[in-house]
Each structure stands twice: as structure tokens, then as C-alpha cells.
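# A closer look at the structure
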Amino acid sequence: MLELAKIEILEKAPDQVRAHERKVWRDVYNLGRDDGIEPFATLCRSKVIGRNAQRFMRREVPVGMHADMLAVKMPSGVGGSSVTGYHQDFPNFPLDRAGLLTFWIALEDMTPDQGVMRFFSGSHKEGPLGRRNLEQDERGLLDHYPFVERIHPLSPPMSLKAGDCTVHSSLVIHGAPGNTTDRARWSYLMSYFPGDACWTGAPHHIFNAEAGLEPLQPVRSPKFPVIYGG
Ligand SMILES: O=C(O)CCC(=O)C(=O)O
């Protein structure tokens, strides 16, 4: 996976649709879900991952796949190495309930100074705290909700081994320091939502009528395959 990630990120020019160079990382979207690139495709649709996602959701619901993505924080001094501002994922989605979660997999050993994520423990209990621009808003959420830092401990800086994985709920406040090293942070993300979640009908770039969704009905679309319990 690491070798393929290197080809995707270092050898292919970002097309601004499937792949982007952003301040916070270089990304490639849905190389498993849409492009069928192995072993990403098998992993992101695997029943084991689906079962694990359902266990985190704590309900016997089908598990829908939202997306998979390489999110590579580049070495310091190269575009795509800066801080991922603290945010929740939930406000980015027009879904009517919590439960979306993300598996974040290290494709190589990494140290905290490469930009390993940190989480405000228990912060999911605060509910949605507004949408943030990850690129410009490093402390924005914390400045608006100063109590968060007082009552929800920040997870310690973590070193990860290749294959280690963190999982976060879409309501957990999380972010990552910039990469201050000369080594890229190679990470692969896969996210899933509870299959009874309904599209609210609010405008959105992927959850929308073009994907075949109906307002206030559960998200069902070939774009978002049910990988478990369907
Ligand atoms: O990889 C990062 O720096 C942040 C990832 C993130 O925000 C997410 O997985 O929701």
C-alpha cells in the first residue's frame, strides 16, 4: 500500500478532482472505492472492517461506505505539510444522525512530529460545534469553545507503527500538528456511516440527488456501497 501510495502522491499530478495538493496534505480520493486499486479496494470494502465499524456504531445497522483517501502530510518545506486545524467531521455532512467514523491507518512508522493526529477525549459528547476550515482555522474551534480544553484532555502525542490505526467518531474534535520533519506522513483513511442515516436534503457536493439520494430517506446509492449488514 505504501508503494502504491508513493506512486499516487509523488508521480501523478493532482487533477483537482480525484487528487489535490492542499496546505494540510496531498490527497487522493477513492482509489479503493471507485478505482478498484488493490489492496485498497478489498480492504475498504471488507466485511471485517464493516463489522468493526458496526461495533463502533454500537447498533445492528447496515454499514455504508462514505469514502477512502490517502492524506499525506508532506515533509516540512514542501507544500502540504501544515497543521490540520482542530475540527469535527460531523458538520461537513448533511446526514441526520451521528455515527460516521473514520479509520486512519499509518502506512509507515511515524513519530508525532510528522503530524500524527490528536483527539480531545470525550469531546464527542458536546454535540456539533460548527464547521471549520481545516486549512485556515488551526485554533478556531478552541477559541470559540474555550471550555473544551479545560474539560476534555488532549490525547498525548503518539508514535505509530506501519499498520497501526486510530478510529474517530465524526463528533470527536481532532487535528494534527504540521510535519516538521523531512519524512512524509503516509496515511490512508476509510470512513463509514450508519446505513439508516438519512440525507437531510441540504446541498452537498457528494450526498445529493445526483447520487440518487432522496431527502429524508436513508442514503442508498451505488456511490456509497453497503459493505456490511445490508
Ligand atoms: O490526517 C489528518 O491530519 C486529519 C484527518 C482528519 O481530519 C480526519 O480523518 O477526519
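The residue numbering used here restarts from 1 in each chain and proceeds along that chain's sequence as written. With the structure being a predicted model, the display of local features is reserved for residues of pLDDT at least 70 and the display and counting of side-chain atom pairs for 80 or more, all residues being used for whole-chain, interface and lining totals. Here the side-chain values reflect all heavy atoms present in the structure, with hydrogen atoms and water set aside.

## Topic: the site of the ligand
Any residue with a non-hydrogen atom lying within 4 Å of a molecule or strand is treated as near it. Around the ligand sit 13 residues in total, of which Thr84, Asp89, Trp104, His174 and Arg185 are the nearest. N or O atoms closer than or at 3.5 Å make up a polar contact, with two conditions inside protein: a donor-capable atom paired with an acceptor-capable one, and, for residues adjacent in sequence, both atoms drawn from side chains. His87 is positioned such that a nitrogen or oxygen atom in its side chain is 3.0 Å from an oxygen atom of the ligand. His174 places a polar side-chain atom, nitrogen or oxygen, 2.9 Å from an oxygen atom of the ligand. Residue burial considers only the protein chains on display, and all accessible areas are found by Shrake-Rupley using a 1.4 Å probe. Against a free-state accessible area of 290 Å², the protein chains account for coverage of 95% of the ligand. Where helices and strands are cited, they refer to DSSP runs of H or I of at least four residues and of E of at least two residues respectively, numbered from the N terminus. If you list the elements that add at least two residues to the shell around the ligand, you get strand E4 (84-87), strand E5 (101-106) and strand E8 (174-176). Under the scheme applied, nonpolar residues are Ala, Val, Leu, Ile, Met, Phe, Trp, Tyr, Cys and Pro; charged residues are Asp, Glu, Lys and Arg; polar residues are all the others, including Gly. In terms of residue class, the shell around the ligand is built from five nonpolar, five polar and three charged.

## Examining the sheet that holds strand E6 (residues 118-119)
Strand pairing is defined by DSSP finding a minimum of two bridges between the two strands. An order of E4-E8-E6 is seen for the three strands of this open sheet, with the pairing classed as antiparallel. Sheet topology places E4 and E6 at the edges, where each strand pairs with a single neighbour. Relative to E8, E6 is paired through two bridges, and the arrangement is antiparallel. Counterpart to Phe119 in the pairing with E8 is His174.

## Re the side chain of Arg185
Looking at where Arg185 falls in the secondary structure, it is placed in the loop between E8 and strand E9 (187-194). The side chain of Arg185 is buried and forms no salt bridge, while Asp27, the nearest opposite charge, is found at 9.6 Å. Separated by 3.1 Å, the side chain of Arg185 and the backbone oxygen of Ala71 make a polar contact. Those residues in contact with Arg185 that lie beyond four places of it in its chain are Trp25, Ala71, Val72, Lys73, Trp104, Met110, Gln114, Gly115, Val116, Ala176 and Asn179. The rule is simple: take the accessible area with a 1.4 Å probe, protein chains only, and divide by the maximum for that residue type; under 20% is buried, over 50% is exposed, in between is partly exposed. The positive count covers Lys and Arg only, the negative count covers Asp and Glu only, and His and the chain ends enter neither. For this analysis, a salt bridge means a side-chain nitrogen from Lys or Arg found within 4 Å of a carboxyl oxygen belonging to Asp or Glu. Two residues qualify as a contact provided that any one of their heavy atoms is within 4.5 Å of a heavy atom in the partner residue.

## Points about the pattern of salt bridges
Following the criterion strictly, the structure yields 14 salt bridges and no others. For Arg18, the salt bridge goes to Asp35, with nearest N and O atoms at 2.5 Å. Here the residue Arg18 occupies a position in the loop between helix H1 (2-11) and strand E1 (19-21), and Asp35 occupies one in the loop between strand E2 (26-29) and helix H2 (40-44), the gap between them amounting to 17 residues. Take Asp35: its relative accessible area is 38%, and that puts it in the partly exposed class. A salt bridge links Asp182 to Arg183, with the shortest nitrogen-to-oxygen separation between them at 3.9 Å. With relative accessibility at 38%, the residue Arg183 sits in the partly exposed group. Among the charged side chains, a salt-bridge network with shared partners connects Glu8, Lys12, Arg18 and Asp35.

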